[in-house]
Amino acid sequence: MFDLIFASNPTIDCPIAEPEGIPEPLGLRLRQAPLTALRQAYQLAREHEASGVVLCGSVINPLRASPAQVIALRQLVLEAAADGCDTIWVTTNPTAPREVQRMLGEPAGLSFATPLNPWTATIRSTTVELWATATPADAERAVATESPAALHRRILIGCESEHDRTARQTIPPAVLSRPDTLVIWATATAGSLPPGVLRLPPLQARARNLPPDEGCHGLRLYQPPTDNDEAAVQTAAASRQLASWQSLPAAAVIWRTICIESAEGDHTQLAESLWRALEPLAQQPPPATTAPLTLIDCQVSCGTSVERRIEVGAAAEATLRLLRERCRTATGDLWCEAVAADADESLAPLGHSRSGGRPGASNSFTSALADIVTEREATGQGVPLDREAAWLALELLAAD
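**Some points on the overall build of the protein chain**
Thinking step 1. Broken down by element type, the protein chain carries 12 helices and 14 strands.
Thinking step 2. Classification of the 400 residues of the protein chain by burial places 47% in the buried group.
Thinking step 3. The contacts of the protein chain with a sequence gap of at least 6 include a subset with a gap of at least 24, amounting to 71%.
Thinking step 4. Accessible surface, the protein chain as shown: approximately 19700 Å² in total, 53% of it carbon and sulfur.

Structure below.
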């Protein structure tokens, strides 16, 4: 059971872009996905009997939200309050509490955590303070007053989208070293954080290129000791450890990439091969209302054959049409977005050292280009689009 559920950047008033050709029922699910994910976070809070749902980052824009979205958020807050679960809105904007309260009609159970005024509660005999943090001064202010109680926890929450500072620039080392303080950093990137800082990803990813770890997170203040675990009992009694920070699935839309090897075959054979790879998803039983919609990118590995890459590109439209026809009749909630030759295949086998290329030979340009991309990757100077650009150049050259 978790004491608090955390959700970052729900942004319920900003729908996900719809892929071309997606059926209207699936398109509707895409448009409603941010709100659906937030509902799932509140449902998880109810299942875990959590004391609060913590919202941070972009939640809803009063200037952009529709009345239906405002009413839906208000209803979530009220339903949670009826079950004894607070909604804690974390913000560094001093005017946000007043604006949000006015927008939502001051619902019961809605509280705020700011750099000057924390949310406080008693959770399982532990006094908990939850602070918004945007600057080192905010973090130092939060821990400036020593608590006389042994059972006391401070939770500092920073959000990368609200300011330019990184977690390392915002949280002083002296704050991170405190045993009574936990720091949570809301960020979409999976870059390195200071030791001891917990990463909170967005509740719902908005595109395929984001890290696939979307969802909410649950925090349990203490790990319940077993009757025979004396060490755990002593640890709990000493009240020095935060026990559990766990990712919980809540996203309403997820992205997956399916990659197969294909040396030959037309669009019909290509569609059959890809569908066999999709069958584990396509043959799922009818999902529950919380099951996510899966958007699939189909990649075809062609080895070093540029000619095969051109063939796959020519067959992609017809292949995608066949796959989408099957998606419409499948029991699993999935949709194929694209079919293409794998742009991430290595070009190293085409280089001079492996292909035997000679100056002036017909494959001299191919080998030189492969060498350039391979060297950039080996020296850390490459960028994700290098391989894709190189393959495209080779396909254009071969097509001429």
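**Some details on the sheet that holds strand β13 (residues 293-301)**
Thinking step 1. Strand order in the open sheet made by the 3 strands is β12-β13-β14, with parallel pairing throughout. Each end of this open sheet is capped by a strand with a single partner; those strands are β12 (253-261) and β14 (334-341). On average, each strand axis in the sheet is inclined to that of its neighbour by 20°, with strand direction left out of account.
Thinking step 2. Judged from the 7 bridges that link them, β13 and β14 form a sheet pairing that is parallel.

**Overview of the environment of L394**
Thinking step 1. Assignment of secondary structure puts L394 in helix α12 (residues 386-399).
Thinking step 2. Classification of L394 by relative accessible area gives buried; the value is 4%.
Thinking step 3. Between the C-alpha atoms of L394 and E307, which are 87 residues apart in sequence, the distance is 9.5 Å.
Thinking step 4. In this structure, L394 is in contact with V306, L347, L350, F365, T366 and L369, ignoring residues within four places of it in sequence.

**Here we look at α12**
Thinking step 1. When the terminal C-alpha atoms of α12 are compared, their 20 Å separation across 14 residues agrees well with the 20 Å that a helix rising 1.5 Å per residue should span.
Thinking step 2. For α12, the elements touching its buried residues are α9 (306-329) and α11 (364-378).

**Topic: the nonpolar core**
Thinking step 1. Judged by nonpolar contacts, the single largest core of 34 residues is most densely connected at I60 and W89.
Thinking step 2. Contributions of two or more residues to this core are made by β1 (4-8), α1 (24-47), β2 (52-56), α2 (67-82), α3 (96-104) and β4 (110-113).
Thinking step 3. No other element matches α1, which puts 7 residues into this core.
Thinking step 4. If sequence neighbours within four positions are ignored, I60 has contacts with I12, D13, A65, Q69, V70, L73, W89 and M103.
Thinking step 5. If you look at the next biggest cluster of nonpolar residues, it comprises 33 residues, including I22, L30, W255 and L323.

**What to know about the pattern of salt bridges**
If charged atoms from side chains of opposite charge come close, those side chains can pair.
Thinking step 1. Scanning the entire structure with this criterion turns up 18 salt bridges.
Thinking step 2. The salt bridge partner of E18 is R31, with a shortest N-O separation of 2.5 Å. One end of the pair, E18, is in the loop between β1 and α1; the other, R31, is in helix α1, and 13 residues separate them in sequence.
Thinking step 3. With relative accessibility at 38%, the residue E18 sits in the partly exposed group.
Thinking step 4. Through salt bridges with shared partners, a single network forms among E129, R154, R178 and D180.

**Here we look at the sheet that holds strand β8 (residues 181-186)**
Thinking step 1. The 5 strands are arranged β5-β6-β7-β8-β9 in an open sheet whose pairing can be described as mixed. Two strands bound the open sheet, and with one partner strand each, they are β5 (119-123) and β9 (197-200). Taken pair by pair, the neighbouring strands of this sheet meet at an average axis angle of 25°, ignoring direction.
Thinking step 2. Summarising the sheet, β5 and strand β6 (residues 126-132) pair through 5 bridges and their orientation is antiparallel. Note that in β6 the partner of T122 across the bridge is T127.

**Observations regarding the packing of α9 against α12**
Thinking step 1. The N-to-C vectors of α9 and α12 enclose an angle of 90°; their axes lie 9 Å apart at closest approach. Here α12 runs roughly perpendicular to α9, going by the angle between their axes. Only W391, L394, E395, A398 and A399 of α12 make contact with α9, whose side of the interface consists of V306, R309 and I310.
Thinking step 2. Taken together, the residues of the contact of α9 with α12 sort by class into 6 nonpolar, no polar and 2 charged.

Cut-off values and rules
Positions within a chain are numbered from 1, following the residues in the order the chain's sequence is written. In keeping with the model being predicted, local features are shown solely for residues with a pLDDT of at least 70 and side-chain atom pairs are shown and tallied solely at 80 or more, while totals for entire chains, interfaces and linings include all residues. Side-chain measures here rest on the full set of heavy atoms in the structure, leaving out hydrogens and waters. Counting from the N terminus, the helices are the DSSP runs of H or I reaching at least four residues and the strands are the DSSP runs of E reaching at least two. Think of it in three bands: with a 1.4 Å probe and only protein chains considered, a residue is buried below 20% of the maximum accessible area for its type, exposed above 50%, and partly exposed in between. Contacts were defined at the residue level, with two residues in contact if any of their heavy atoms lie within 4.5 Å. Residue exposure ignores everything except the shown protein chains as possible cover, and the areas themselves are Shrake-Rupley values with a 1.4 Å probe. A pair of strands counts as paired when DSSP detects no fewer than two bridges linking them. Orientation is described by lines fitted to C-alpha atoms, with helices fitted over the stretch in contact, and by angles between N-to-C directions that extend from 0 to 180 degrees. Each helix should span, by expectation, one fewer than its residue count multiplied by 1.5 Å. The definition of a nonpolar core used throughout is a set of buried Ala, Val, Leu, Ile, Met, Phe, Trp, Tyr and Cys residues joined through side-chain atoms within 4.5 Å. Salt bridge criterion: a side-chain nitrogen from Lys or Arg within 4 Å of a carboxyl oxygen from Asp or Glu. Our angle categories are set so that under 35 degrees counts as roughly parallel, over 145 as roughly antiparallel, 65 to 115 as roughly perpendicular, and the remainder as oblique. Classification convention: Asp, Glu, Lys, Arg as charged; Ala, Val, Leu, Ile, Met, Phe, Trp, Tyr, Cys, Pro as nonpolar; all other residues, Gly among them, as polar.

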